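# Observations on the three-dimensional arrangement
Chain by chain, the residues:
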Amino acid sequence: VAKVFYKELDKLEMFNPQSPEFSVQLNYLQTMINLPWNEYTKDNLDLKRAQKVLDHDHYGMEKVKERILEYMAVLKLRGDLKSPIICLYGPPGVGKTSLGKSIAAAMKRKYVRMSLGGLHDESEIRGHRRTYVGAMPGRIIKSIQKAGSSNPVFILDEIDKVTQNTVNGDPSSALLEVLDPEQNNAFHDNYLDVDFDLSKVLFIATANDLSTIAGPLRDRMEIIEVTGYLMEEKREIAKRHLIPKQLENHGITAGHVTIPDEIIDLIIEKYTRESGVRSLDMTIAKIMRHVARKVAMNKKF
């Protein structure tokens, strides 16, 4: 990489600063400098602390938590390990995306999220060649640059919504190199034109439907099913997470409103028939708005 960099730097010195080539070359060299080559954040591998963080942020989801803790345990014993590529699949609203954030917090790693919904251009992932006007690196390299470390927790959101075989190439095939643990230690971005090591990045993909993911891509990922919640679990989630969150969002305190268990059960049974908890969250928000309005009307400013 250093060889390539100095070669390109010599080229820059030959250009006239007025020429358009000069700015293209300068942008390229700046992109290379800004990438976190060999910069890693130090993992916190305290398994008990990690378990606490994961349990505090998410109720249930035992399979996923177990897998993350196993990965951390092996990393602690071996000191070096290729990161697995995990795919969480399940109905909407069960907390797949937010789980990524708490995994990053548990390991004390940087967190990046890239939404793949409706992605239809291969160069979004692999970047453009530098010969094009307005060429840019792909979103994988950009996200790594944004994270500022070469081992973040990288969420690939909605991997099942990537379009296949479009006019602009096949983005789901471009993802094969990113998500193959055997290949991604030398990920080739067209813009950079040098290999970048992605093997320490912990990729977590989320999907609602496995049938729309291309076969070869599915084979490269470790699939963990995140099932919907039972009535009792939903009640606990509402009490521990949703109600405190909505109280804070609406600027009211627990003294203004208390929602008893039987009311939570009634909302779950009669108003929100779903596997996740998204519409339950919205219904609780509706109650809070109603309370907030009453509180605001009686309050003297």
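Structure: see above.
### A word on the nonpolar core
- Ranked by size, the top nonpolar core spans 43 residues in total, and within it Leu88, Ile103, Leu280 and Met288 carry the most contacts.
- For this core, the leading source of residues is helix 4 (residues 62-78), giving 6 residues.
- In this view, Ile103 contacts Leu54, Ile68, Val153, Leu202 and Ile204; residues no more than four positions away in its chain are not counted.
- Core analysis: the next-biggest nonpolar cluster, separate from the first, contains 42 residues, Leu29, Leu35, Val178 and Tyr191 among them.

### Regarding the pairing of strand 1 (residues 85-89)
- Most of strand 1 is tucked away: 4 of the 5 residues are buried.
- Pairing of strand 1 with strand 6 (residues 202-207), which is carried by 5 bridges, proceeds in the parallel orientation. Across the sheet, residue Cys87 finds its bridge partner in strand 6, namely Ala205.
- The sheet contact formed by strand 1 and strand 7 (residues 222-225) spans 4 bridges and is parallel. In the strand pairing of strand 7, Leu88 is matched with Ile224.

Conventions and cut-offs
Residues numbered from 1 in each chain as written. Predicted model: local features only at pLDDT ≥ 70, side-chain atom pairs only at ≥ 80, totals over all residues. Heavy atoms only, no water. Core = buried A, V, L, I, M, F, W, Y, C linked by side-chain atoms within 4.5 Å. Buried < 20%, exposed > 50% of the residue type's maximum accessible area, 1.4 Å probe, protein only. Helix = DSSP H or I, 4+ residues; strand = E, 2+ residues; numbered from the N terminus. Contact = heavy atoms within 4.5 Å. Pairing = 2+ DSSP bridges.

Such coordinate-based values are descriptive only and should not be taken to indicate function.
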